[in-house]
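Summary of the model geometry
The residues making up each chain are set out below.
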Amino acid sequence: MISLSQQMAPAQAAAAARVGIGGPVGSGKTALIEALLPLLAERGIDVGVITNDLVTREDAERIRRSGLIDPERVLAVEAGACPHTVIREDPTLNISAADQLDMAYPELDLILIESGGDNLASTFSLDLADWWMFVIDVAGGDDIPRKKGPGVVQSDLLVINKADLAPHVGVDLERMCAEARDVRNGRPVVLTECRSGKGVDLIVEALSSAVLFDQ
């Protein structure tokens, strides 16, 4: 297994598209990756995954155990600090991890980089991600779009997850989606239920169009 503690080899030009997945704790980022992997595999898209946690490798181990991807293609970054630091202010660890995946698996088409759970202000450095999405969920409250956090407003794609929970948590889903589209000024918004897979195909289509050149 590739270890981030190993001596870093000189970086090469990125062969795979690098896509960030940000969002608050519990919004469903890891579940989204688990839902994406079989759909991407059906299209013949070779994928690597990088997860970020504060001081553990919890999310990476979960994905490795899923059986959805070769465990060797999943790397873990332990941020050791505020999660957005290693995807925005100093993304060196994540860039190094992505470079390692590229060198070990030159056939990769796509590297998914899951941020650690953070607040609505987290964004991805353009040095790290070619394109990024932000995941929120209805259980977090239908006022999230109105708060206009950078993750909600600036991401290339906003994912509103756990749509099926709306009636159980008193959320007006139609209004939440309308307000999300309003604050994003035309940038796309997708509703998902990652556990059932509903809506995830729309994210695959967005990825295909934006960074995979319609693969």
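Whatever comes next refers back to the structure up there.
For the structure given in this document, a descriptive report is provided here. From a predicted model like this one, the values you see are computed outputs, not experimental measurements. (Residues numbered from 1 in each chain as written. Predicted model: local features only at pLDDT ≥ 70, side-chain atom pairs only at ≥ 80, totals over all residues. Heavy atoms only, no water.)

1. Regarding the side chain of Lys29
Counted only if it meets this: Helix and strand assignments follow DSSP, with helices taken as H or I runs no shorter than four residues and strands as E runs no shorter than two, numbered in order from the N terminus. Whenever a nitrogen or oxygen atom comes within 3.5 Å of another N or O atom, the pair is scored as a polar contact, on the condition that within protein one atom can donate a hydrogen and the other can accept it, and that pairs from neighbouring residues in sequence are kept only if both atoms are in side chains. Residue contacts are counted whenever heavy atoms from the two residues lie within 4.5 Å of one another.
Along the chain, Lys29 falls in helix H1 (residues 29-42). A distance of 2.9 Å separates a polar side-chain atom of Lys29 from the backbone oxygen of Pro24. Filtering out sequence-adjacent residues up to four positions away, Lys29 remains in contact with Ile21, Gly22, Gly23, Pro24, Glu114, Ser115, Gly116, Gly117 and Val135.

2. Remarks on the pairing of strand E4 (residues 110-114)
Successive side chains on a regular strand alternate, one facing one side of the sheet and the next facing the other. Applied cut-off: Here's how the labels work: a residue is buried when its accessible area is under 20% of the maximum for its type, exposed when over 50%, partly exposed in between, all with a 1.4 Å probe on protein chains only. A pair of strands counts as paired when DSSP detects no fewer than two bridges linking them.
Within E4, 5 of the 5 residues are buried, leaving the element largely enclosed by the surrounding structure. Taking every second residue as pointing to the same face, both faces of E4 are buried, with Leu110, Leu112 and Glu114 on one and Ile111 and Ile113 on the other. Strand direction decides the pairing type here: strand E1 (residues 17-22) and E4, joined by 5 bridges, are parallel. Paired with Gly20 across the two strands is Ile113, which belongs to E4. Two strands pair when backbone bridges link them, and strand E2 (residues 47-53) and E4 are joined in this way by 5 bridges, in the parallel orientation. By the bridge assignment for E4, Thr51 is matched with Glu114.

3. Describing the nonpolar core
To be explicit about the condition: To qualify as a nonpolar core, a set must consist of buried Ala, Val, Leu, Ile, Met, Phe, Trp, Tyr and Cys residues joined through side-chain atoms within 4.5 Å.
Core analysis: the biggest nonpolar cluster contains 33 residues, and Leu32, Leu36, Leu110, Leu112, Met133, Ile203 and Leu207 have the highest contact counts within it. In terms of residue count, H1 provides more of this core than any other element does, 7 residues in total. Discounting chain neighbours no more than four positions away, the residues touching Leu32 are Ile21, Met133, Val135, Cys194, Val200 and Ile203. Among the nonpolar cores identified, the runner-up in size contains 31 residues, and Ala98, Ile113, Leu120 and Val171 belong to it.

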